[in-house]
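Okay, here's what each chain looks like letter by letter:
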Amino acid sequence: MVSDRVRRTASDDRGQLLLVGAVVLAIAIVSLVVILNTVLYTQNVTNRAALDSTADAAEIERTVVGEVPALVERANRNATYGSETAAADAVDRTLARYGALVGTAVTNRRPASVGVAVAGDPSVALVVAHDNVTRNFTDRDRDPEWTVVDGASVQRYRLRIDADSLASTDADAFRMTVGPDGDDWTMRVHRNGSDRVDVDRVDGGGSTCTVSPDDGTVELDVENGTADVDADRDSVGVDCTFAFAPGVDPPYRLGYANATNATGTYRLVLDGTSATAGDVDTSAPWESPYRSYAVDALAVTVTYATPELDYRTTTNRTIADP
Amino acid sequence: MVGDDRGQAFALEGVVGSIVVLTAVVFALEAVVLTPTTAGTVDQDVKAQLRVEADDALAVAAEDDRLRSLALYWNASDRTFAHADDRVRGYGSTPPCTDGPPGADAPCASVGQLLNDTLSSQGYEYNLYVDYRNASAPHRTETERVVYRGVPSDNAVTATHAVVLYDDSRLTSPEDADEDARTLAAVDADADRHFYAGDADPGPVFNVAEVRIVVW
């Protein structure tokens, strides 16, 4: 009897155990399904839109800011300005119109608005330029010896001189003089034989650059100190390098002598606007040589706004070739 | 008697237990997860990755001005992109800016190469467009097809990159040797020659073109 009871009790326990085990197993599997479902659901409904907008804003900003120097350079050169504010206003307008065009392109694609504006006052430089290729480098009254600028510090200075217009002797050579009194550093440009041009610098020691202008044009980047003869704008080859006015501290006077013996173009950009230009045109009809103003550094604010995102950044840009 | 009753009870418990276990297993197996990809569409992450690739391809091409060269690779007399099939298909199945005759100058041929390396080599197809502002109504967008390979699928992703065309930008197609006659301002002023976009800005900007790629 006793052993029969024991056997019966053990069998009872095993049946319940099986049932409980099955139920636990079932609950575990169902829970696993629910958990996995939640993971997949979360993965698939994650909101990525905000990140996309941020990437868009950054891309628009990169594009816009990257184009600013090219826009300002063109605004500086495409017109002549009688005052600092005229130059700054022209850049302001150019950037605003550009911003409107880019903004329209973006707005047509997605609900976003783009704004481009100059922040604060841009830095303006004084420019003395000559772009009449048939006229020599004399001043407005055709004086061959004249002061181009006084109290100046050169930022960028480029000349393109027609080699045929140059004198063949040292004495008659076109001269550029730099110094507090105008002659501490002198550069002479004259022909040397039929197909070569000498660029001499006299600054205590003195040295000469000889270039062979194949196409008849000597290109001088005076401030960077390079002379080259390749007028092809796509491939600039440098023939020789030199230092501009070593030992002459700004502000200085920059003048020309024998200016009848040089024809071509030049563009002289100074640091700031405190220098005084010589006898040049300062109002319409802007005949060469003339004085103008150019923006050489500015801060640009780019705004990008969508319903979820408001992006605004101000970047400072310096114009390499104002 | 008692032993017989127990046997039936065990059998019933076993049956009920197995029913519970089997029901749970069947439920687990039948629980189909509905995701956005269930209908056969491309996974969000794959699309995001593709979009990044397309974006990067355009950014790389824009880095050294090749996208601007592409936008300017226009034959002003044929009124198509230089060496393209026509204005409807653009370059069609060939990569954009493919060289024409031997020795032809194709400054943007590497854009085609880049798109081939990044997209075509992975089995993706793409359409490439240039969107620009209408000259007389700048709020309107007009489109020129550079490469058209058909209607994109529902899974297509888009990337764009804006390039500025200036009045003094020169056409990069090998058609015209005269440097100054190739500026957009000169082409725009010449009634016999044609550029797809017009001058939409009174300042130094000619137009703002957006190079748009649709990949699927």
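Residues numbered from 1 in each chain as written. Chains lettered and ligands numbered in written order. Predicted model: local features only at pLDDT ≥ 70, side-chain atom pairs only at ≥ 80, totals over all residues. Heavy atoms only, no water.

A. Quick look at the interface of chain B and chain A. With 43 residues of chain B in contact, the opposing surface of chain A contributes 38 residues. The contact between chain B and chain A buries some 3,400 Å² in all, and 60% of this surface belongs to carbon and sulfur atoms. Per-residue buried area on chain B facing chain A is highest for Arg51, Tyr166 and Pro204 of chain B; these three make up 15% of the total on that side. Viewed at the interface, chain A and chain B are joined by 4 salt bridges. For the interface between chain B and chain A, the tally reads 6 residue pairs in polar contact (both at pLDDT 80 or more). Within the residue set of the side of chain B that touches chain A, elements represented by two or more residues are helix 1 (2–30), helix 2 (44–63), strand 5 (157–166) and strand 6 (205–215) of chain B. With 12 residues, the single largest contributor to the side of chain B that touches chain A is helix 1 of chain B. Classifying every residue of the side of chain B that touches chain A gives 21 nonpolar, 8 polar and 14 charged. (Contact = heavy atoms within 4.5 Å. Buried area = accessible area lost by both parts, 1.4 Å probe. Salt bridge = Lys/Arg side-chain N within 4 Å of Asp/Glu carboxyl O. Polar contact = N/O pair within 3.5 Å; in protein donor to acceptor, adjacent residues only side chain to side chain. Helix = DSSP H or I, 4+ residues; strand = E, 2+ residues; numbered from the N terminus. Nonpolar A, V, L, I, M, F, W, Y, C, P; charged D, E, K, R; others polar.)

B. Structural view of the sheet that holds strand 7 (residues 207–211) of chain A. Residue and element names in this part refer to chain A. Across the sheet, 7 strands lie side by side as 7-6-5-4-11-2-13; this open sheet has antiparallel pairing. The open sheet has two edge strands, strand 7 and strand 13 (276–277), and neither has a second partner. Two strands pair when backbone bridges link them, and strand 2 (residues 146–152) and strand 11 (residues 252–257) are joined in this way by 4 bridges, in the antiparallel orientation. Within strand 11, the residue paired with alanine 152 across the bridge is tyrosine 252. (Pairing = 2+ DSSP bridges.)

C. Spotlight on the sheet that holds strand 3 (residues 126–133) of chain B. An order of 4-3-6-5 (chain B) is seen for the 4 strands of this open sheet, with the pairing classed as antiparallel. In this open sheet, the two strands that pair with only one neighbour each are strand 4 (141–147) and strand 5 of chain B. Ignoring strand direction, the axes of neighbouring strands in this sheet form an average angle of 25°. Two strands pair when backbone bridges link them, and strand 3 of chain B and strand 6 of chain B are joined in this way by 6 bridges, in the antiparallel orientation. Within strand 6 of chain B, the position partnered with leucine 128 of chain B by the bridge is isoleucine 213 of chain B. Lying over the sheet, helix 3 (residues 84–107) of chain A contacts strand 3, strand 5 and strand 6 of chain B, oriented at roughly 25° with respect to strand 6 of chain B. (Axes fitted to C-alpha atoms, helices over the stretch in contact; angles between N-to-C directions.)

D. Quick peek at the packing of aromatic side chains. In total, this model carries 16 aromatic pairs over all chains according to the counting rule given. Ring centres 5.3 Å apart and planes at 90° place the aromatic pair tyrosine 256 of chain A and tyrosine 266 of chain A in the edge-to-face group. On the criterion of sequence distance, the pair formed by tyrosine 256 of chain A in strand 11 and tyrosine 266 of chain A in strand 12 (residues 264–270) is long-range, its members being 10 residues apart. Judged by relative accessible area, which is 1%, tyrosine 256 of chain A ranks as buried. With 5.6 Å between their ring centres and 40° between their planes, phenylalanine 81 of chain B and tyrosine 196 of chain B make a pair best called tilted. With phenylalanine 81 of chain B in strand 2 (residues 80–81) and tyrosine 196 of chain B in the loop between helix 5 (184–189) and strand 6, the pair connects residues that are 115 residues apart, well separated along the chain. An identical accessibility class is assigned to phenylalanine 81 of chain B and tyrosine 196 of chain B; each is buried. Taken together, the ring pairs in this structure connect Trp74, Phe81, Tyr132, Phe195, Tyr196 and Phe206 of chain B into an aromatic cluster. The side chain of arginine 74 of chain A reaches across the aromatic face of tyrosine 166 of chain B, ending 3.8 Å from its centre. Taking the ring centre of tyrosine 126 of chain B as reference, the NZ or CZ of arginine 149 of chain B above it sits at 4.4 Å. (Phe/Tyr/Trp six-rings, centres within 6.5 Å; stacked < 30°, edge-to-face > 60°. Buried < 20%, exposed > 50% of the residue type's maximum accessible area, 1.4 Å probe, protein only. Lys NZ or Arg CZ within 6 Å of the ring centre and 35° of its normal.)

E. Region of the structure containing the nonpolar core. In this structure, Tyr157, Leu159, Leu220, Leu254, Tyr256 and Leu298 of chain A are the most contacted members of the largest nonpolar core, which totals 79 residues. Counting residues per element, this core draws most heavily on helix 2 (residues 49–78) of chain A, which supplies 9 residues. In contact with tyrosine 256 of chain A, not counting residues within four places along its chain, are Phe137, Pro144, Glu145, Trp146, Val148, Tyr157, Leu159, Phe174, Arg175, Met176 and Tyr266 of chain A. Membership of the second largest hydrophobic core comes to 43 residues, among which are Leu67, Leu114, Val157 and Phe206 of chain B. (Core = buried A, V, L, I, M, F, W, Y, C linked by side-chain atoms within 4.5 Å.)

F. Local environment of the environment of proline 174 of chain B. Inspection of the secondary structure assignment puts proline 174 of chain B in the loop between strand 5 and helix 5. Note on proline 174 of chain B: relative accessible area 38%, which makes it partly exposed.

G. Up close: the pattern of salt bridges. Inspection of the entire model under this criterion finds 21 salt bridges over all chains. A salt bridge links aspartate 56 of chain A to arginine 51 of chain B; the nearest nitrogen and oxygen atoms lie 3.6 Å apart. Residue aspartate 56 of chain A is located in helix 2, and its partner arginine 51 of chain B is located in helix 2; the two belong to separate chains. Two residues, arginine 160 of chain A and glutamate 219 of chain A, come together in a salt bridge whose shortest N-O distance is 2.4 Å. With arginine 160 of chain A in strand 3 (residues 154–162) and glutamate 219 of chain A in strand 8 (residues 217–221), this pair connects stretches of sequence that are 59 residues apart. Classification of arginine 160 of chain A as partly exposed rests on a relative accessible area of 32%.

H. A look at helix 4 (residues 109–118) of chain B. Residue and element names in this part refer to chain B. Within helix 4, burial applies to Val111, Gly112, Leu114 and Leu115. The buried side chains of helix 4 occupy one side of the element, clustering within an arc of 160° when seen end-on. Taken together, the buried residues of helix 4 touch helix 2, helix 3 (66–71), strand 3 and strand 6. (Arc of directions from axis to C-beta.)

By themselves, these figures tell us nothing about what the structure is for.
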